[in-house]
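Residue-level listing of the chains:
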Amino acid sequence: MWQKGARCAAQFGRRFAAPAAGLSAVSAGTWFALKQQTLACEDKSSQSDEAANAMMACAALAISYKNAQEDLVKAKQELKRVQDKYDYFWPRKIMMLFGAPGAGKGTQGPNITNTLGLPQLSTGDMLRDAVSAGTPIGIRAKEAMSTGALVTDEIVIGIIGDRIKETDCGAGFILDGFPRTIAQAEALDALLLTTGERVNLILAFGVAEDVLEERVCGRWMHKGSGRSFHVKFAPPKSMKLDDNGKPLASTMLDDQTGEPLYQRADDTREALVKRLDQYHEQTIPLLEHYRPKGIVKEIDGGAPIKQVTTAVMNAMTKHNMKH
Ligand code: AP5
(Lines give C-alpha, C1' and ligand atoms only; values in the text may rest on other atoms or scores of the structure.)
Protein backbone atom coordinates (compact mmCIF):
# COMPACT_ATOMS: atom_id res chain seq x y z
CA MET A 1 0.00 0.00 0.00
CA TRP A 2 2.88 2.35 0.96
CA GLN A 3 4.77 1.54 -2.23
CA LYS A 4 1.69 2.19 -4.28
CA GLY A 5 1.27 5.56 -2.57
CA ALA A 6 4.91 6.50 -3.00
CA ARG A 7 4.76 5.67 -6.69
CA CYS A 8 1.65 7.74 -6.93
CA ALA A 9 3.22 10.76 -5.24
CA ALA A 10 6.44 10.50 -7.21
CA GLN A 11 4.64 10.28 -10.49
CA PHE A 12 2.44 13.28 -10.04
CA GLY A 13 4.42 15.45 -7.67
CA ARG A 14 2.25 17.93 -5.90
CA ARG A 15 -0.79 17.39 -8.16
CA PHE A 16 -2.70 14.90 -6.15
CA ALA A 17 -6.14 14.77 -7.73
CA ALA A 18 -5.33 12.11 -10.31
CA PRO A 19 -3.40 9.85 -7.89
CA ALA A 20 -6.42 10.00 -5.61
CA ALA A 21 -8.59 8.47 -8.26
CA GLY A 22 -6.01 5.74 -8.90
CA LEU A 23 -5.71 4.77 -5.25
CA SER A 24 -8.13 2.28 -3.85
CA ALA A 25 -10.47 4.33 -1.66
CA VAL A 26 -10.66 1.51 0.87
CA SER A 27 -6.92 1.03 1.17
CA ALA A 28 -6.43 4.79 1.29
CA GLY A 29 -8.97 5.07 4.07
CA THR A 30 -7.24 2.37 6.09
CA TRP A 31 -3.84 3.90 5.46
CA PHE A 32 -5.13 7.38 6.36
CA ALA A 33 -6.44 6.20 9.71
CA LEU A 34 -3.25 4.28 10.52
CA LYS A 35 -1.05 7.13 9.42
CA GLN A 36 -2.86 9.61 11.58
CA GLN A 37 -2.29 7.36 14.60
CA THR A 38 1.35 7.02 13.71
CA LEU A 39 1.81 10.73 13.22
CA ALA A 40 0.43 11.40 16.66
CA CYS A 41 3.35 9.45 18.11
CA GLU A 42 6.07 10.80 15.85
CA ASP A 43 7.94 14.03 16.34
CA LYS A 44 7.26 17.04 14.18
CA SER A 45 10.23 16.50 11.91
CA SER A 46 8.60 13.44 10.36
CA GLN A 47 5.62 15.59 9.33
CA SER A 48 7.82 17.54 7.02
CA ASP A 49 8.47 14.41 5.01
CA GLU A 50 7.20 15.43 1.62
CA ALA A 51 6.22 11.95 0.52
CA ALA A 52 4.21 11.39 3.67
CA ASN A 53 2.42 14.71 3.26
CA ALA A 54 1.79 13.89 -0.35
CA MET A 55 0.31 10.56 0.61
CA MET A 56 -1.86 12.18 3.28
CA ALA A 57 -3.29 14.60 0.76
CA CYS A 58 -3.68 11.82 -1.76
CA ALA A 59 -5.52 9.63 0.71
CA ALA A 60 -7.76 12.50 1.82
CA LEU A 61 -8.70 13.13 -1.78
CA ALA A 62 -9.39 9.44 -2.32
CA ILE A 63 -11.72 9.44 0.67
CA SER A 64 -13.50 12.57 -0.61
CA TYR A 65 -13.81 10.88 -3.98
CA LYS A 66 -15.33 7.79 -2.37
CA ASN A 67 -17.76 9.93 -0.35
CA ALA A 68 -18.73 11.87 -3.46
CA GLN A 69 -19.37 8.59 -5.27
CA GLU A 70 -21.63 7.43 -2.44
CA ASP A 71 -23.51 10.75 -2.53
CA LEU A 72 -23.92 10.35 -6.28
CA VAL A 73 -25.40 6.88 -5.86
CA LYS A 74 -27.84 8.22 -3.25
CA ALA A 75 -28.80 11.16 -5.50
CA LYS A 76 -29.42 8.78 -8.41
CA GLN A 77 -31.61 6.57 -6.23
CA GLU A 78 -33.63 9.60 -5.08
CA LEU A 79 -33.97 10.81 -8.68
CA LYS A 80 -35.24 7.39 -9.74
CA ARG A 81 -37.73 7.33 -6.88
CA VAL A 82 -39.14 10.72 -7.93
CA GLN A 83 -39.17 9.76 -11.61
CA ASP A 84 -40.95 6.48 -10.83
CA LYS A 85 -43.55 8.36 -8.80
CA TYR A 86 -44.27 10.84 -11.56
CA ASP A 87 -44.20 8.12 -14.19
CA TYR A 88 -46.75 6.14 -12.19
CA PHE A 89 -48.99 9.14 -11.73
CA TRP A 90 -48.61 11.92 -14.28
CA PRO A 91 -46.12 14.70 -14.89
CA ARG A 92 -47.13 18.31 -14.13
CA LYS A 93 -50.65 17.91 -12.81
CA ILE A 94 -53.09 20.77 -12.93
CA MET A 95 -55.91 19.24 -10.97
CA MET A 96 -59.24 20.42 -9.73
CA LEU A 97 -61.24 19.11 -6.79
CA PHE A 98 -64.89 19.52 -7.60
CA GLY A 99 -67.90 18.97 -5.38
CA ALA A 100 -70.64 20.45 -3.22
CA PRO A 101 -69.92 22.06 0.14
CA GLY A 102 -68.86 19.23 2.44
CA ALA A 103 -68.16 16.80 -0.41
CA GLY A 104 -64.63 16.08 0.86
CA LYS A 105 -62.40 18.38 -1.21
CA GLY A 106 -60.60 19.77 1.82
CA THR A 107 -60.31 16.29 3.34
CA GLN A 108 -58.78 14.56 0.32
CA GLY A 109 -56.57 17.41 -0.95
CA PRO A 110 -53.88 16.95 1.73
CA ASN A 111 -53.48 13.26 0.76
CA ILE A 112 -52.66 14.31 -2.79
CA THR A 113 -50.29 16.96 -1.49
CA ASN A 114 -48.53 14.36 0.66
CA THR A 115 -48.24 11.94 -2.25
CA LEU A 116 -47.29 14.25 -5.09
CA GLY A 117 -45.98 17.29 -3.26
CA LEU A 118 -48.38 19.60 -5.09
CA PRO A 119 -49.81 22.57 -3.19
CA GLN A 120 -53.55 22.63 -2.56
CA LEU A 121 -54.88 26.04 -3.53
CA SER A 122 -58.17 26.57 -1.72
CA THR A 123 -59.82 29.87 -2.57
CA GLY A 124 -62.03 29.39 0.50
CA ASP A 125 -58.95 29.17 2.78
CA MET A 126 -57.29 32.13 1.06
CA LEU A 127 -60.42 34.24 1.45
CA ARG A 128 -60.87 33.24 5.10
CA ASP A 129 -57.24 34.25 5.73
CA ALA A 130 -57.92 37.59 4.05
CA VAL A 131 -61.06 38.10 6.16
CA SER A 132 -59.29 37.37 9.44
CA ALA A 133 -56.33 39.57 8.45
CA GLY A 134 -58.77 42.38 7.55
CA THR A 135 -57.15 43.02 4.17
CA PRO A 136 -59.08 45.06 1.55
CA ILE A 137 -60.01 41.79 -0.21
CA GLY A 138 -61.09 40.27 3.10
CA ILE A 139 -63.30 43.25 3.88
CA ARG A 140 -64.97 42.94 0.48
CA ALA A 141 -65.40 39.16 0.78
CA LYS A 142 -66.57 38.93 4.40
CA GLU A 143 -70.30 39.51 4.03
CA ALA A 144 -70.75 37.29 0.99
CA MET A 145 -68.88 34.44 2.64
CA SER A 146 -70.73 34.47 5.95
CA THR A 147 -74.11 34.23 4.18
CA GLY A 148 -72.97 31.51 1.80
CA ALA A 149 -72.94 33.73 -1.30
CA LEU A 150 -70.11 33.67 -3.81
CA VAL A 151 -67.40 36.30 -3.77
CA THR A 152 -67.04 38.24 -7.04
CA ASP A 153 -65.25 36.57 -9.94
CA GLU A 154 -62.82 39.47 -10.20
CA ILE A 155 -61.53 38.91 -6.64
CA VAL A 156 -60.97 35.15 -6.89
CA ILE A 157 -59.51 35.25 -10.39
CA GLY A 158 -57.01 37.83 -9.16
CA ILE A 159 -56.07 35.72 -6.13
CA ILE A 160 -55.57 32.51 -8.11
CA GLY A 161 -53.83 34.22 -11.02
CA ASP A 162 -51.16 35.47 -8.62
CA ARG A 163 -50.92 32.27 -6.60
CA ILE A 164 -50.25 29.86 -9.47
CA LYS A 165 -47.23 31.90 -10.52
CA GLU A 166 -45.45 31.06 -7.27
CA THR A 167 -42.54 28.64 -7.43
CA ASP A 168 -44.16 25.85 -5.42
CA CYS A 169 -46.65 25.44 -8.30
CA GLY A 170 -43.86 24.51 -10.72
CA ALA A 171 -44.68 20.78 -10.76
CA GLY A 172 -48.42 21.45 -10.76
CA PHE A 173 -51.13 22.37 -8.27
CA ILE A 174 -54.50 21.32 -6.92
CA LEU A 175 -57.35 23.78 -7.28
CA ASP A 176 -59.89 23.46 -4.47
CA GLY A 177 -63.05 25.54 -4.77
CA PHE A 178 -61.94 27.30 -7.95
CA PRO A 179 -63.32 27.81 -10.56
CA ARG A 180 -66.91 28.03 -9.36
CA THR A 181 -68.50 29.91 -12.25
CA ILE A 182 -68.20 29.70 -16.02
CA ALA A 183 -66.54 33.13 -16.03
CA GLN A 184 -63.91 31.83 -13.59
CA ALA A 185 -63.35 28.67 -15.67
CA GLU A 186 -62.87 30.71 -18.83
CA ALA A 187 -60.46 33.04 -17.08
CA LEU A 188 -58.50 30.04 -15.79
CA ASP A 189 -58.41 28.37 -19.22
CA ALA A 190 -57.13 31.60 -20.79
CA LEU A 191 -54.49 32.01 -18.10
CA LEU A 192 -53.20 28.45 -18.56
CA LEU A 193 -53.24 28.78 -22.32
CA THR A 194 -50.62 31.52 -22.09
CA THR A 195 -48.17 28.74 -21.13
CA GLY A 196 -49.70 26.14 -23.45
CA GLU A 197 -51.36 24.27 -20.61
CA ARG A 198 -54.78 23.29 -19.44
CA VAL A 199 -56.48 21.60 -16.52
CA ASN A 200 -55.67 17.90 -16.95
CA LEU A 201 -57.68 16.22 -14.22
CA ILE A 202 -60.91 16.98 -12.40
CA LEU A 203 -61.91 14.79 -9.49
CA ALA A 204 -65.66 15.24 -9.11
CA PHE A 205 -66.89 14.11 -5.69
CA GLY A 206 -70.50 12.96 -5.81
CA VAL A 207 -72.28 12.93 -2.44
CA ALA A 208 -75.99 12.58 -1.65
CA GLU A 209 -77.18 15.98 -0.45
CA ASP A 210 -78.88 14.68 2.67
CA VAL A 211 -75.49 13.85 4.23
CA LEU A 212 -73.95 17.27 3.54
CA GLU A 213 -75.69 19.07 6.39
CA GLU A 214 -74.38 16.59 8.96
CA ARG A 215 -70.91 16.92 7.43
CA VAL A 216 -70.65 20.71 7.42
CA CYS A 217 -72.45 21.28 10.73
CA GLY A 218 -70.16 18.77 12.48
CA ARG A 219 -66.96 20.13 10.95
CA TRP A 220 -64.15 21.73 12.94
CA MET A 221 -61.20 23.34 11.19
CA HIS A 222 -57.57 24.08 11.94
CA LYS A 223 -56.83 27.63 10.88
CA GLY A 224 -53.13 27.36 10.12
CA SER A 225 -53.31 24.33 7.83
CA GLY A 226 -56.95 24.20 6.69
CA ARG A 227 -57.17 20.62 8.05
CA SER A 228 -60.75 19.62 8.72
CA PHE A 229 -62.09 17.32 11.42
CA HIS A 230 -65.56 16.06 12.18
CA VAL A 231 -67.20 15.30 15.49
CA LYS A 232 -68.43 11.96 14.16
CA PHE A 233 -66.49 11.01 11.02
CA ALA A 234 -63.01 12.35 11.78
CA PRO A 235 -62.79 13.43 15.45
CA PRO A 236 -59.58 14.98 16.73
CA LYS A 237 -57.76 12.72 19.20
CA SER A 238 -58.29 15.24 21.99
CA MET A 239 -62.09 15.45 21.66
CA LYS A 240 -64.18 14.99 24.79
CA LEU A 241 -67.97 15.15 25.01
CA ASP A 242 -70.15 16.92 27.57
CA ASP A 243 -73.10 15.29 29.36
CA ASN A 244 -75.31 15.91 26.34
CA GLY A 245 -72.88 14.19 24.00
CA LYS A 246 -71.75 17.49 22.44
CA PRO A 247 -68.04 18.16 21.93
CA LEU A 248 -66.39 20.39 24.52
CA ALA A 249 -64.92 23.29 22.52
CA SER A 250 -61.84 23.44 24.75
CA THR A 251 -60.98 19.84 23.83
CA MET A 252 -61.20 20.38 20.08
CA LEU A 253 -57.51 20.59 19.21
CA ASP A 254 -55.55 19.95 16.04
CA ASP A 255 -53.92 16.49 16.08
CA GLN A 256 -50.61 17.73 14.73
CA THR A 257 -50.10 21.09 16.41
CA GLY A 258 -52.40 20.89 19.45
CA GLU A 259 -53.82 24.29 18.46
CA PRO A 260 -57.53 25.05 18.95
CA LEU A 261 -59.95 24.17 16.16
CA TYR A 262 -62.79 26.47 15.12
CA GLN A 263 -66.14 26.25 13.35
CA ARG A 264 -66.65 28.23 10.16
CA ALA A 265 -69.17 31.08 10.12
CA ASP A 266 -70.81 29.59 7.00
CA ASP A 267 -71.13 26.07 8.39
CA THR A 268 -74.74 26.56 9.41
CA ARG A 269 -77.92 24.96 8.10
CA GLU A 270 -79.11 28.32 6.72
CA ALA A 271 -75.89 29.22 4.93
CA LEU A 272 -75.64 25.69 3.53
CA VAL A 273 -78.98 26.13 1.73
CA LYS A 274 -77.59 29.16 -0.06
CA ARG A 275 -74.25 27.49 -0.76
CA LEU A 276 -76.01 24.53 -2.33
CA ASP A 277 -78.17 26.85 -4.46
CA GLN A 278 -75.06 28.57 -5.74
CA TYR A 279 -73.46 25.19 -6.38
CA HIS A 280 -76.37 23.99 -8.50
CA GLU A 281 -76.85 27.22 -10.43
CA GLN A 282 -73.30 28.36 -11.01
CA THR A 283 -70.86 25.52 -10.38
CA ILE A 284 -72.35 22.27 -11.67
CA PRO A 285 -72.46 23.68 -15.25
CA LEU A 286 -68.65 23.66 -15.15
CA LEU A 287 -68.68 19.88 -15.44
CA GLU A 288 -70.24 20.18 -18.86
CA HIS A 289 -67.64 22.80 -19.77
CA TYR A 290 -64.83 20.34 -18.95
CA ARG A 291 -66.37 16.92 -19.62
CA PRO A 292 -65.84 16.98 -23.41
CA LYS A 293 -62.10 17.28 -22.74
CA GLY A 294 -62.19 13.80 -21.14
CA ILE A 295 -60.64 14.95 -17.88
CA VAL A 296 -63.53 14.51 -15.44
CA LYS A 297 -63.23 11.51 -13.08
CA GLU A 298 -66.25 10.74 -10.94
CA ILE A 299 -65.46 9.77 -7.35
CA ASP A 300 -67.98 8.32 -4.91
CA GLY A 301 -67.55 10.90 -2.17
CA GLY A 302 -70.25 9.25 -0.05
CA ALA A 303 -68.00 6.32 0.86
CA PRO A 304 -65.96 6.27 4.09
CA ILE A 305 -62.98 8.65 4.05
CA LYS A 306 -60.29 5.97 3.55
CA GLN A 307 -62.19 4.40 0.68
CA VAL A 308 -62.49 7.80 -0.99
CA THR A 309 -58.74 8.28 -0.59
CA THR A 310 -58.09 4.98 -2.38
CA ALA A 311 -60.43 5.99 -5.22
CA VAL A 312 -58.63 9.35 -5.51
CA MET A 313 -55.21 7.68 -5.73
CA ASN A 314 -56.44 5.23 -8.36
CA ALA A 315 -57.98 8.01 -10.44
CA MET A 316 -54.62 9.78 -10.61
CA THR A 317 -52.60 6.95 -12.12
CA LYS A 318 -51.43 7.24 -15.70
CA HIS A 319 -53.16 3.95 -16.42
CA ASN A 320 -56.51 5.52 -15.57
CA MET A 321 -55.90 8.79 -17.36
CA LYS A 322 -56.58 8.77 -21.07
CA HIS A 323 -55.22 11.86 -22.74
P1 AP5 B 1 -64.92 26.79 0.45
O2 AP5 B 1 -64.05 26.94 1.60
O3 AP5 B 1 -64.32 26.41 -0.85
O4 AP5 B 1 -66.11 25.85 0.85
P5 AP5 B 1 -66.97 24.80 0.02
O6 AP5 B 1 -66.72 24.71 -1.42
O7 AP5 B 1 -68.36 25.13 0.41
O8 AP5 B 1 -66.45 23.48 0.47
P9 AP5 B 1 -66.26 23.00 1.90
O10 AP5 B 1 -64.94 23.48 2.40
O11 AP5 B 1 -67.44 23.32 2.73
O12 AP5 B 1 -66.31 21.45 1.64
P13 AP5 B 1 -65.20 20.38 1.40
O14 AP5 B 1 -65.57 19.65 0.18
O15 AP5 B 1 -63.82 20.94 1.47
O16 AP5 B 1 -65.50 19.46 2.66
P17 AP5 B 1 -64.51 18.83 3.71
O18 AP5 B 1 -63.50 17.98 3.06
O19 AP5 B 1 -64.03 19.87 4.68
O20 AP5 B 1 -65.69 28.17 0.17
C21 AP5 B 1 -66.26 28.90 1.23
C22 AP5 B 1 -66.82 30.21 0.70
O23 AP5 B 1 -65.76 31.01 0.13
C24 AP5 B 1 -67.84 30.10 -0.43
O25 AP5 B 1 -69.13 29.86 0.03
C26 AP5 B 1 -67.69 31.49 -1.09
O27 AP5 B 1 -68.34 32.49 -0.35
C28 AP5 B 1 -66.19 31.73 -1.00
N29 AP5 B 1 -65.49 31.22 -2.19
C30 AP5 B 1 -64.52 30.26 -2.20
N31 AP5 B 1 -64.08 30.04 -3.44
C32 AP5 B 1 -64.78 30.86 -4.24
C33 AP5 B 1 -64.80 31.07 -5.66
N34 AP5 B 1 -64.01 30.38 -6.48
N35 AP5 B 1 -65.66 32.00 -6.13
C36 AP5 B 1 -66.46 32.70 -5.34
N37 AP5 B 1 -66.51 32.55 -4.00
C38 AP5 B 1 -65.67 31.64 -3.45
O39 AP5 B 1 -65.55 17.86 4.45
C40 AP5 B 1 -66.61 18.38 5.23
C41 AP5 B 1 -66.73 17.56 6.52
O42 AP5 B 1 -67.08 16.24 6.20
C43 AP5 B 1 -65.42 17.49 7.29
O44 AP5 B 1 -65.71 17.66 8.65
C45 AP5 B 1 -64.89 16.08 7.00
O46 AP5 B 1 -64.20 15.54 8.11
C47 AP5 B 1 -66.13 15.30 6.69
N48 AP5 B 1 -65.92 14.31 5.61
C49 AP5 B 1 -65.22 14.48 4.47
N50 AP5 B 1 -65.26 13.37 3.71
C51 AP5 B 1 -66.02 12.48 4.39
C52 AP5 B 1 -66.44 11.14 4.13
N53 AP5 B 1 -66.07 10.50 3.00
N54 AP5 B 1 -67.22 10.52 5.04
C55 AP5 B 1 -67.58 11.17 6.18
N56 AP5 B 1 -67.22 12.43 6.49
C57 AP5 B 1 -66.44 13.08 5.61
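Visitor: Hey, could you go over the site of the ligand for me, with residue numbers and the actual values?
Guide: Close contacts around the ligand come from 38 residues, with P101, G106, G124, G177 and R219 the closest. Of all the secondary-structure elements, those providing two or more residues to the shell around the ligand are α6 (105-116), α7 (123-133), α8 (136-147), α11 (212-217), β6 (228-230) and α14 (305-315).

Visitor: I'd love a proper account of the environment of R180, names of residues and values included.
Guide: Examined against the element boundaries, R180 turns out to sit in the loop between β3 (172-176) and α10 (182-193). Residue class for R180 comes out buried when judged on the 20 C-beta atoms lying within 10 Å of it. Considering only alpha carbons, one finds R180 and L286, 106 residues apart in sequence, at a separation of 7.5 Å. Leaving out residues up to four positions away in the same chain, R180 has contacts with L150, Q282 and T283.

Visitor: Can you explain the environment of A208? Please cite residues and give values.
Guide: Looking at the element boundaries, A208 is found in the loop between β4 (201-206) and α11. What makes A208 exposed here is the crowd of 9 C-beta atoms within 10 Å. Taking C-alpha positions, A208 is 9.6 Å from D300, a pair spaced 92 residues apart along the chain.

Visitor: Outline the environment of G301, supporting the account with residue identities and numerical values.
Guide: Within the secondary structure, G301 sits in the loop between β7 (296-300) and α14. In this structure the C-alpha to C-alpha distance between G301 and A204, which are 97 residues apart in sequence, comes to 8.4 Å.

Visitor: Account for unusual backbone geometry, with residues named and values stated.
Guide: Glycine aside, residues mostly have negative phi, and peptide bonds are mostly found in the trans state. The residue after F178, namely P179, is reached through a cis peptide bond having omega -5°. As for its position among the elements, P179 is in the loop between β3 and α10.

Definitions and limits used
- Residues numbered from 1 in each chain as written.
- Predicted model: local features only at pLDDT ≥ 70, side-chain atom pairs only at ≥ 80, totals over all residues.
- Near = placed C-beta within 6 Å.
- Helix = DSSP H or I, 4+ residues; strand = E, 2+ residues; numbered from the N terminus.
- Buried ≥ 20, exposed ≤ 12 C-beta atoms within 10 Å, placed from the backbone.
- Contact = placed C-beta atoms within 7 Å.

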